[in-house]
Amino acid sequence: MVEDSMELFMDDFSVVGDIFETCLEQLWQVLQRCVETNFVLNWEKCHFMVREGIVLGHKVSQKGLEVDKAKIEVIKKLPPPILVKEKVVKFNFDDACMVAFKCLKEKLISTPVIISPDWSAPFEVMCDASGTASGVVLGQKRNKLFHPIYYASNTLNGAQPKKDVKPRLIRWVLLLQEFDFEVKDRKVCGLIPEELNFYQRKRFLFDVKKYFWDEPYLFIECADHIIRRCVPEEEFNEILHFCHSSPVGGHHGGVRTTAKILQSGYYWPSLYKDAHEFVQKCMQCQRQGGVSRRHELPLKPILEVKLFDAWGIDFMGPFVSSFGNKYILVAVDYVSKWVEVVALPNNEGRSVVQFQK
């Protein structure tokens, strides 16, 4: 029935026929099938025996698929951008941008090449996201060309916290386990600065492999194969102050301050230079000089003892006399924490010697 007398598109379907009698017979079969499967239709959205109609924003008739003029009127009259809201961004809207803008408008108002799904062929889902919105296109390849089947988009807002991204991603991974799918990451092209020469471009493409993005931070794999977070410029001084001038910093030199920052998991290209300059400008370091070994506390060797080799002995008392005893001698082994207790009449040394024997 599907693709023979009925066209199905997600949750919408259309029953077609060359003549009235054929269309009526096929409509009766479809409605009978809906009754058998307890499928409920919204009668307000049902249209019967029409020669043309609007389906998914497109006009469908004997002429084929046409664009609904009411939907494209705003885009057709859309002027090119003349203002840039972000003042810190320099953007030149030249002739090439105008050609691209007109081409984009033409594609948006022209008849698309939406196709019906072929259930025997593999599907492709193309998705992309920015800081404000996300979009996805479902399609298939016909004659080596990608044709869309369905579009979807969503505007992000403050009610969608970034901490919930990974649980949602795990949920979708579990839902997709029943399908045979392959994830392909498309590389972004055309973002290499034009002023770079051949060797600089080659170096740029080599270095960019070390970086990867994990929302909302950029990370790099350093020469020691440890992954560290790339720090923006506005956080440089805060990290340098914490690793050098804070109570846990220690006011060490440039090399040790740099090592402490790397050990904390941070990195930026001018880290070594910035750390040395920060140490040179530190007022406390300039007054007191650098930290040397004479400022360090003396090291004491750790005493290695075996079980019952070292005891701690002390008296408790005097207490109220009990059977002539007023004191309690307590002995504790340092290693096992074993306790020995004995009641004594006095706290003299000979009583301790007698206890040890």
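Conventions we followed
- Residues numbered from 1 in each chain as written.
- Predicted model: local features only at pLDDT ≥ 70, side-chain atom pairs only at ≥ 80, totals over all residues.
- Heavy atoms only, no water.
- Core = buried A, V, L, I, M, F, W, Y, C linked by side-chain atoms within 4.5 Å.
- Buried < 20%, exposed > 50% of the residue type's maximum accessible area, 1.4 Å probe, protein only.
- Helix = DSSP H or I, 4+ residues; strand = E, 2+ residues; numbered from the N terminus.
- 1 Å grid on protein atoms, 1.4 Å probe; cavity = no way out; pocket = protein on both sides within 12 Å on 5 of 7 lines; lining within 4 Å.
- Points joined across faces, edges and corners; volume = space filled by probe spheres on them.
- Nonpolar A, V, L, I, M, F, W, Y, C, P; charged D, E, K, R; others polar.
- Pairing = 2+ DSSP bridges.
- Phe/Tyr/Trp six-rings, centres within 6.5 Å; stacked < 30°, edge-to-face > 60°.
- Axes fitted to C-alpha atoms, helices over the stretch in contact; angles between N-to-C directions.
- pLDDT = per-residue confidence, 0-100.

Notes on the nonpolar core
Note that soluble globular proteins tend to have their nonpolar side chains buried in a common cluster. Ranked by size, the top nonpolar core spans 14 residues in total, and within it Ile239, Ile261 and Trp268 carry the most contacts. Looking at this core, the elements with two or more residues in it are helix H6 (236-244), helix H7 (254-263) and helix H8 (271-280). A per-element tally of this core places H6 first, with four residues.

Considerations on the layout of surface pockets
Roughly 1,900 Å³ of internal volume is contained in the second largest pocket. What lines the second largest pocket is a set of 42 residues, and nearest its centre among them are Phe13, Ser14, Val15, Val16 and Val55. Broken down by secondary-structure element, the contributors of at least two residues to the lining of the second largest pocket are strand E1 (6-9), strand E2 (12-15), helix H1 (20-36), strand E3 (53-55), strand E4 (58-61) and strand E5 (64-67). Ranked by the residues each element gives to the lining of the second largest pocket, the list is headed by H1, at five residues. Of the residues contributing to the lining of the second largest pocket, the split by class is 25 nonpolar, 10 polar and seven charged.

Overview of the sheet that holds strand E11 (residues 227-230)
If you trace the four strands from one edge of the open sheet to the other, you get E9-E10-E11-E12, paired in mixed fashion. Of all the strands in the sheet, the pair left with one neighbour each is strand E9 (211-214) and strand E12 (266-267). Pairing between strand E10 (residues 217-221) and E11: three bridges, direction antiparallel. Paired with Ile220 across the strands is Arg228, a residue of E11.

Considering the pairing of strand E8 (residues 145-155)
Alignment of strand E7 (residues 133-142) against E8, held across 10 bridges, turns out to be antiparallel. In the strand pairing of E8, Gly139 is matched with Pro148. Counting the residues between successive antiparallel strands, the hairpin from E7 to E8 contains two residues, one of them, Asn143, with a positive phi of roughly 55°.

Section: the side chain of Thr258
Mapped onto the secondary structure, Thr258 falls in helix H7. Residue Thr258 is classed as buried on the basis of its relative accessible area of 1%.

Re the packing of aromatic side chains
Inspection of every chain in the model, using the stated rule, returns five aromatic pairs. With 4.4 Å between their ring centres and 15° between their planes, Phe236 and Trp268 make a pair best called stacked. Residue Phe236 is located in helix H6, and its partner Trp268 is located in the loop between E12 and H8; the two are separated by 32 residues in the primary sequence. Across the pair, exposure class does not vary: Phe236 and Trp268 are buried alike. Ring geometry for Phe315 against Tyr327: centres 6.3 Å apart, planes inclined by 85°, an arrangement best described as edge-to-face. Of this pair, Phe315 sits in strand E13 (residues 311-316) while Tyr327 sits in strand E14 (residues 327-333); the two residues are 12 residues apart in sequence, bridging distant segments of the chain. By relative accessible area, Phe315 is classed as partly exposed at 24%. Among the residues examined, Tyr327 registers a relative accessible area of 16% and is labelled buried.

Digging into the sheet that holds strand E6 (residues 124-129)
Here we have three strands laid out as an open sheet, ordered E6-E7-E8, and antiparallel in their pairing. This sheet does not close on itself; its edge strands, each paired only once, are E6 and E8. For this sheet, the mean inter-axis angle between neighbouring strands, taken without regard to orientation, is 20°. With six bridges connecting them, E6 and E7 associate as antiparallel partners. Residue pairing for E7: Ala129 is matched across the bridge by Ser134.

Here's the deal with the confidence of the model for the protein
Confidence in the prediction of the protein, expressed as mean pLDDT, is 80, and 85% of residues score 70 or more. Of all secondary-structure elements in the protein, the lowest mean pLDDT belongs to helix H4 (residues 165-175), at 71, while E12 reaches the highest, 91.

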